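One-letter residues, chain by chain:
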Amino acid sequence: MRVQLTVNGESRSFDTKGSESLLFALREYLRLTGSKGACEQGECGSCSVVLDGNLVCSCLVMAVDAAGSEVLTVEGLGGSELHPVQKALIETGAVQCGFCTPGFVVAAAELLKETLSPSPEDIREELAGNICRCTGYGAILRGIETLVGEA
Amino acid sequence: MEVIHPTDLDEALAALAAHPEAVLLAGGTDLMVEVNFDQIRPEKVILLRRLAELQDVSRQRIGAGVTFRRLESGDHQALAQLARTIGSPQIRAAGTLGGNIGTASPAGDALPFLAGLDAEIELSSKDGTRRVRWDRFFLGVKQTALRPGELITAVILPTDLPDCQEFAKIGQRSAMVISIASACVFRWRDGRTRVAMGSVGPTPIRARQAEEMMSAESNPGPAALQEFARLVSEEVRPISDHRGTADYRRHASGVLARRLLERCLAK
Ligand SMILES: Cc1cc2nc3c(=O)[nH]c(=O)nc-3n(C[C@H](O)[C@H](O)[C@H](O)COP(=O)(O)OP(=O)(O)OC[C@H]3O[C@@H](n4cnc5c(N)ncnc54)[C@H](O)[C@@H]3O)c2cc1C
Ligand code: FES
Ligand code: FES
């Protein structure tokens, strides 16, 4: 089935074979490999994307259900520059193996867009769906906290 | 795989009548896990996510397609409380009330809320609509009274809503947990009290003896609260699994229900 959608502001399309996920389609059909697949069951957040304005796990979206939708992936976040969240995470040395990083970046960018000045507790709460298997949470949270209050 | 993308409810019901075996897909947070792990291979899928008719919310009627993210800031305190405990922001943005009901997991966090309020599930098919009270709808672990050709369109709440409603659950950590035990306590100013427990039986459990006892107490003291907790613990029917033992669940149920009741009494 042909699926037409908007990804990072561009009209894109691909053919699905069946019930594969949006994550699979982004990576394998559209070659946008920023979104990572780890658990494929909604637990780790490494596949986080924004679908029609909602932060979701792309591994739990059936690709055909994204037809006509707008998808924002980590590749589209900052445009030609790095997004402030990406810069902040580089600054605080928050990237170890980097597998969780795109998911954290998308989730944190969305959080900062929705909430003007989240407290450290809010940030922890809102990022509960993102897991870092290198357990580098300290630097990740410090990086995001540096952005609070900046417009 | 055939995909049906209805533009309105009538179209969805017509498609479902023609293909009663089709799989209904809402937020996908339960279904896609099964698909990803090859536990199911849907041949036909009907997409519900964008059906406007399932998105309406009023005080008495909540559309099946409403996400937990929206319910987090709704009118009903216990429903908002439970919505905030579902998975993560990513899961709440996709997961729907109707999907929680459709899955009918013993750990479905919306279920005790429905049970405690004696909510009805509104089911629609091409031939019409019927309402089924929660206890005739949830029949067992992942078993419901949904018939082929029907879909869940809404939840109907009673007009006589309680003056206080509280939800809480126990899990292994504070976020992203499947309930080991969950509870909803409702109390009216005239003393009427209801308690519904989740994750401690195949379907939600109303602790009717505890309710009856507490409804007769206008100003319960420590002994009455103790007795209330004891009755709740007695009435649940938990099993042991990898998340907790039956004994722990039994004990936790009483403690949880009593704490929620205390919150209501303190108001
Ligand atoms: C990481 C993670 C954490 C989770 N945490 C929790 C939690 O804390 N508490 C909790 O209760 N659940 C939790 N869940 C489970 C899940 O998110 C919920 O059960 C959610 O409500 C499912 O809704 P959905 O819209 O995603 O359903 P879907 O996955 O789309 O569908 C679920 C089932 O319901 C059926 N269905 C959907 N809509 C309808 C309808 N309108 N009529 C008839 N049948 C329908 C589908 O056919 C399917 O069988 C979690 C899941 C994940 C992946
Ligand atoms: S890969 Fe989607 S949440 Fe882990
Ligand atoms: S940096 Fe390795 S998973 Fe987070």
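Structure report, in brief. Within each chain, residues carry numbers counting from 1 in the order of the written sequence. Starting at A for chains and at 1 for ligands, labels are handed out in the order in which the entities are written. Residue-level local features of this predicted model are given only where pLDDT is at least 70; pairs of side-chain atoms are given and counted only at 80 or more, and the full residue set underlies all totals for whole chains, interfaces and linings. Water and hydrogen atoms were dropped before computing side-chain values, which therefore reflect all heavy atoms in the structure.

Here we come to the nonpolar core. In these notes, a set of buried Ala, Val, Leu, Ile, Met, Phe, Trp, Tyr and Cys residues joined through side-chain atoms within 4.5 Å is what counts as a nonpolar core. Summary of the burial criterion: residues with accessible area below 20% of their type's maximum are buried, those above 50% are exposed, and those between are partly exposed, where the area comes from a 1.4 Å probe applied to protein chains only. Core analysis: the largest hydrophobic core is formed by 71 residues, its most contacted members being Ile-101, Phe-113 and Phe-137 of chain B. Leaving out residues up to four positions away in the same chain, Phe-113 of chain B has contacts with His-76, Ala-78, Leu-79, Leu-82, Leu-157, Gln-165, Cys-184 and Phe-186 of chain B. Should any heavy atoms of two residues lie within 4.5 Å, those residues are counted as being in contact.

Once that is clear, we can look at the sheet that holds strand E12 (residues 193-198) of chain B. Residues and elements named next belong to chain B. At least two DSSP bridges between two strands are required for those strands to pair. Only DSSP runs of H or I reaching four residues or more are called helices, and only runs of E reaching two or more are called strands; each is numbered from the N terminus. What the 4 strands build is an open sheet, ordered E10-E11-E12-E13; its pairing is antiparallel. Of all the strands in the sheet, just strand E10 (164-170) and strand E13 (205-206) have a single pairing partner and so form its edges. Taken together, the 6 bridges between strand E11 (residues 181-187) and E12 define a ladder with antiparallel strand orientation. Pairing of Cys-184 across the sheet is with Ala-196, part of E12. Between N-to-C directions, angles cover 0 to 180 degrees, with each direction set by a line fitted to C-alpha atoms, over the stretch in contact for helices. Together, E10 and E11 form the strand contacts of helix H4 (residues 77-85), whose direction differs from that of E10 by roughly 20°.

For this analysis, a salt bridge means a side-chain nitrogen from Lys or Arg found within 4 Å of a carboxyl oxygen belonging to Asp or Glu. Under the definition given, this model contains 28 salt bridges over all chains. With a shortest N-O distance of 3.5 Å, Lys-113 of chain A and Glu-110 of chain A are connected by a salt bridge. Here Lys-113 of chain A pairs with Glu-110 of chain A, and both are found in helix H4 (residues 101-114), just 3 residues apart, close to one helical turn. On the accessibility criterion, Lys-113 of chain A (61% relative accessible area) is exposed. We classify Glu-110 of chain A as buried; its relative accessible area is 7%. For Arg-92 of chain B, the salt bridge is made with Glu-72 of chain B, and the minimal N-O distance between the two is 3.1 Å. Taken as a pair, Arg-92 of chain B in helix H5 (residues 89-94) and Glu-72 of chain B in the loop between helix H3 (68-71) and H4 lie far apart in primary sequence, 20 residues in all. Via salt bridges that share partners, Asp-52 and Asp-65 of chain A together with Arg-49 and Arg-50 of chain B belong to a single interconnected network.

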